[in-house]
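Take a look at the letters that make up each chain.
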Amino acid sequence: MTVGAVAAGWVHRHLLDVEGLTREELERILHLAVDMREARAARAHGSLLENEIVGLAFYEASTRTRVSFELAAKALGATVVDLGIAGSSVSKGESLVDTLRTLERTGVTMVVLRHASSGAAHLAARTTGLCIINAGDGTHAHPTQALADALTLREALGSLSGRTVAIVGDVAHSRVARSNIHALGTLGAHIRVAGPRAWVAGFEAWPGVEVARTIEDALRKANAVMTLRVQLERGARPADHLAWRLDEERMQLAAPGAPILHPGPTNEGVEITADLANGARSLIGRQVENGVPVRMAVLALLAGVA
Amino acid sequence: MTVGAVAAGWVHRHLLDVEGLTREELERILHLAVDMREARAARAHGSLLENEIVGLAFYEASTRTRVSFELAAKALGATVVDLGIAGSSVSKGESLVDTLRTLERTGVTMVVLRHASSGAAHLAARTTGLCIINAGDGTHAHPTQALADALTLREALGSLSGRTVAIVGDVAHSRVARSNIHALGTLGAHIRVAGPRAWVAGFEAWPGVEVARTIEDALRKANAVMTLRVQLERGARPADHLAWRLDEERMQLAAPGAPILHPGPTNEGVEITADLANGARSLIGRQVENGVPVRMAVLALLAGVA
Amino acid sequence: MTVGAVAAGWVHRHLLDVEGLTREELERILHLAVDMREARAARAHGSLLENEIVGLAFYEASTRTRVSFELAAKALGATVVDLGIAGSSVSKGESLVDTLRTLERTGVTMVVLRHASSGAAHLAARTTGLCIINAGDGTHAHPTQALADALTLREALGSLSGRTVAIVGDVAHSRVARSNIHALGTLGAHIRVAGPRAWVAGFEAWPGVEVARTIEDALRKANAVMTLRVQLERGARPADHLAWRLDEERMQLAAPGAPILHPGPTNEGVEITADLANGARSLIGRQVENGVPVRMAVLALLAGVA
């Protein structure tokens, strides 16, 4: 598939969520990401975004996601300006919408937005003329992470059709899990979620999602396993960690060679053993690697240059 | 007017204040800003500042002014380095002058300086060999904001000669108001200021400035109205807000179609109603838009390349 | 010496310390720095690092060192990404090694690391595939500062062989002093250290280092004098400052014209008088100036392009 062919079907102005993207659209992004990875290695496409000014608006601090977007935008030749919001007093006293409208007036064309409030990216898209890329909003969505994870899984498993992916941990509070359920489900995977009741409540009602009673039930014959970071500040009990920790013995229940994913950063020894996190089955590093070309693909598509 | 013609009359090494600039010099900057706006849209002039290293030294946090200068410098091809001072521990323990002298030694040639102390930019200009651009010093001056406002008003009104501009609010504590009084007055406008007594005290003595007793007196037949941000932490009483708030009814007193300016960010419902701030007469967005080309013009003139 | 000739002997993958560098290697870096200074002035070498992505990982805030590295990397055409760690919440919750490994996956190739823990740079070099440049680790080492100081001294004194350099102050807690002792000693200088007992304890055992009993003994016939910043928070007594302060009278004891160095920022009136810090013998500004070309040389050598 050529970059030109990808462009034809792409009509969205923002990337707010993976929910609502068709399988075809997801496939296009993932194919373009592979092209972008090659282009980056070959130092090609270095001026594709030369007419764009990309603002990084991280209302929550983030090193990995911010750096990943910054490198993606720079690899395509965009002008990048970091609003430096998190940790500054600027985040107080002016509303998100006012700040973004001001940025738009300065000539910023695309904004990568991370915000603690679910729905912040949708609000920004509705109230400004900017192209908004959601880099994580509250517990709602983190679409580019899910796209990187989908690319990583497809490279490991081939097609996702009919494959079972187990997602273990605090699914309810995880924007990564939520976006992955949409993306992987749309790409044909069957999703099993598992965790303490409060962490999976409500997911029985999601189409294509099965709620497993125990981690063992979740892992049985799973073709891939994703564990989630335990937010230590969210008051899980130590017993919960033990009951839902991914370890070598439990991984024996999964399909032979089933890979392990984690959105990072990991709490080794809490939700996953250090051996598994750093072992041969772990795709954790690959997820990070795929983050840059996936974001290059998204930026190029939204800018209308791919 | 060509860029070359602008250069001939420009002899200043710094932009510390608009006070002291002649009408001719102001006109030159504003004309060049219009050229720069076109050049930016056409992606021209992209290497005009390739020999300059512009340091952003914001001792007070600022998103809009910092981003505006950063984009202006990058649009002209400068190397930009953000000193990242505000909010860091670096701002303590080393004096402003020592920090700037160190920067000068690293090869930085121009510094955009925002500082809480009135006179900081003058001090920097006197004690270093750097080209200093004042991005706001205490309650003293904010020349590039006034230049952007002057450009905005001229585009709305044509010549400012003989026009009356009302400035309402805490004029005494506003570096924006102070610089606007100088710039607009030099361009031929008559200035009326109005606000609670403590907010306008002393301005009777300024040449060409009239202190109005009420907001109604200030607005009567005014050709343009600028309201100022109420610094909520400066302890104005709620009754003051009501007495000096710009609303639709009061705007009826101004000349037909008189535009409204505000340096932003606005406190909607405090010093201005939301309807007016977002209405057809509002030039608030245009003020931000004009900030980038005005700063491009200032950078290019000070670097001696325009 | 040409840049190509420099490259041949350079086999290190990291710059963690000056300890262990041979005299020949030190000479090569210093010669290349002189070339780089000329190249920078001539805007040459602007794409030498175009294939490198340099991450700035300052776990301790620093303006001068960070800016110096940032300008060095940009002058050579590298992509630079500031991790923005100091002062952010990011520095908590994820280990140094995990953060750096993640960065490596995003495509970052070289990391400039400043960290409060002695040994942090060695740890990073051992546990990642990144090229690590130590920008200061605890009280251990600050190699590029020592290289800039060595270049500055050589320009002032010619060869350092057989010259005596006095280092006065809190040597024990100074990574700058420690790296200078290694660098200057390797280049043939004799080192005298002096300060309150706790500040020089243990240095009698260092080869080539003499511990002087008083500041007068340290300065007598010294060919150059380096004073160190008194870390006011480390609880030195005012009497210590008086006893070890560098002033005009004491400098009379040194060799005629002996230059004065200080890693900055100075506490004028504490460890050095203002007259000396700003006088004709002071090389403090030159040390900063030499910081950029020295860092360009290091980056180019480590990237294998010089």
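Residues numbered from 1 in each chain as written. Chains lettered and ligands numbered in written order. Predicted model: local features only at pLDDT ≥ 70, side-chain atom pairs only at ≥ 80, totals over all residues. Heavy atoms only, no water.

(A) Up close: the environment of B:V288. By the secondary structure assignment, B:V288 is in helix α13 (residues 284-302). Residues B:V288 and B:H262, 26 residues apart in the sequence, show an inter-C-alpha distance of 9.9 Å. Apart from the residues lying within four places of it in its own chain, the contact partners of B:V288 are A:T102, A:R105, A:T106 and B:R64. (Helix = DSSP H or I, 4+ residues; strand = E, 2+ residues; numbered from the N terminus. Contact = heavy atoms within 4.5 Å.)

(B) Up close: the sheet that holds strand β5 (residues 164-168) of chain A. All names here are of chain A. What the five strands build is an open sheet, ordered β7-β6-β5-β8-β9; its pairing is parallel. Of all the strands in the sheet, the pair left with one neighbour each is β7 (209-211) and β9 (260-261). Looking at chain direction, β5 and strand β8 (residues 224-227) are connected through four bridges and run parallel. Bridged to V168 within β8 is T227. (Pairing = 2+ DSSP bridges.)

(C) Looking closely at the pattern of salt bridges. Inspection of every chain in the model, using the stated rule, returns 42 salt bridges over all chains. Of the charged contacts, one joins B:R192 and B:E210 as a salt bridge, the two residues approaching to 3.3 Å between their closest N and O atoms. Taken as a pair, B:R192 in strand β6 (residues 190-194) and B:E210 in strand β7 (residues 209-211) lie far apart in primary sequence, 18 residues in all. A relative accessible area of 33% means that B:E210 is categorised as partly exposed. A cluster of three or more residues bridged by salt bridges with shared partners is formed by A:R37, A:E155, A:R286, A:E289 and C:R105. (Salt bridge = Lys/Arg side-chain N within 4 Å of Asp/Glu carboxyl O. Buried < 20%, exposed > 50% of the residue type's maximum accessible area, 1.4 Å probe, protein only.)

(D) Geometry of the interface of chain B and chain A. At the junction of the two partners, chain B supplies 19 residues and chain A supplies 20 residues. Regarding the contact of chain B and chain A, the summed buried area is about 1600 Å², with carbon and sulfur atoms giving 55% of it. Contact with chain A buries surface across chain B, with B:R43, B:T63 and B:L71 losing the most and accounting together for 29% of the total. Our count for the chain B to chain A interface comes out at one salt bridge. Of the charged contacts in the structure, one is a salt bridge between A:R105 and B:E289, with a shortest N-O distance of 2.6 Å. Between chain B and chain A we count seven residue pairs in polar contact (both at pLDDT 80 or more) in total. Broken down by secondary-structure element, the contributors of at least two residues to the side of chain B that touches chain A are α3 (64-75) and α13 of chain B. Among the elements that line the side of chain B that touches chain A, the one with the most residues is α3(B), at six residues. (Buried area = accessible area lost by both parts, 1.4 Å probe. Polar contact = N/O pair within 3.5 Å; in protein donor to acceptor, adjacent residues only side chain to side chain.)

(E) Inspection of the domain arrangement of chain A at higher detail. Residues and elements named next belong to chain A. Here chain A is described as being made up of domain 1 (23-141 + 291-302) and domain 2 (143-288). For domain 1 versus domain 2, the distance between C-alpha centres works out to 26 Å. Of the residues lining the interface, 27 residues belong to domain 1; the matching set on domain 2 comes to 27 residues. On the surface where domain 1 and domain 2 come into contact, there are three salt bridges. Of the charged contacts, one joins E27 and R154 as a salt bridge, the two residues approaching to 2.5 Å between their closest N and O atoms. In this assembly, domain 1 and domain 2 are joined by ten residue pairs in polar contact (both at pLDDT 80 or more). For the side of domain 1 that touches domain 2, the elements supplying multiple residues, two or more each, are α2 (23-41), α3 (64-75), β3 (110-115), β4 (131-137) and α13 (284-302). Take the side of domain 1 that touches domain 2: its biggest share by element is nine residues, from α2. Of the residues assigned to the side of domain 1 that touches domain 2, the class counts are eleven nonpolar, eight polar and eight charged. (Domains from an automatic or database assignment. Nonpolar A, V, L, I, M, F, W, Y, C, P; charged D, E, K, R; others polar.)

(F) A look at the side chain of A:D149. All names here are of chain A. As for its placement among the helices and strands, D149 is situated in helix α6 (residues 143-157). One buried charged residue, D149, forms no salt bridge at all, with the nearest opposite charge on R295 at 7.8 Å. Not counting the four nearest positions on each side in its chain, D149 is found in contact with V176, N180, M226, L261 and Q287. (Lys, Arg positive; Asp, Glu negative; His and termini not counted.)

(G) Local environment of the packing of helix α6 (residues 143-157) of chain B against helix α7 (residues 175-186) of chain B. Residues and elements named next belong to chain B. Between α6 and α7, the shortest axis-to-axis distance is 8 Å and the interhelical angle comes to 50 degrees. By the criterion of interaxial angle, the relationship of α6 to α7 is oblique. Note that α6 runs across α7; the crossing there is right-handed. Residues P143, Q145, A146, D149, A150 and L153 of α6 form the contact with α7, whose participating residues are V176, S179, N180, A183 and L184. Of the residues contributing to the contact of α6 with α7, the split by class is seven nonpolar, three polar and one charged. (Axes fitted to C-alpha atoms, helices over the stretch in contact; angles between N-to-C directions. Parallel < 35°, antiparallel > 145°, perpendicular 65-115°, else oblique. Left-handed = near helix turned anticlockwise from the far one by under 90°.)

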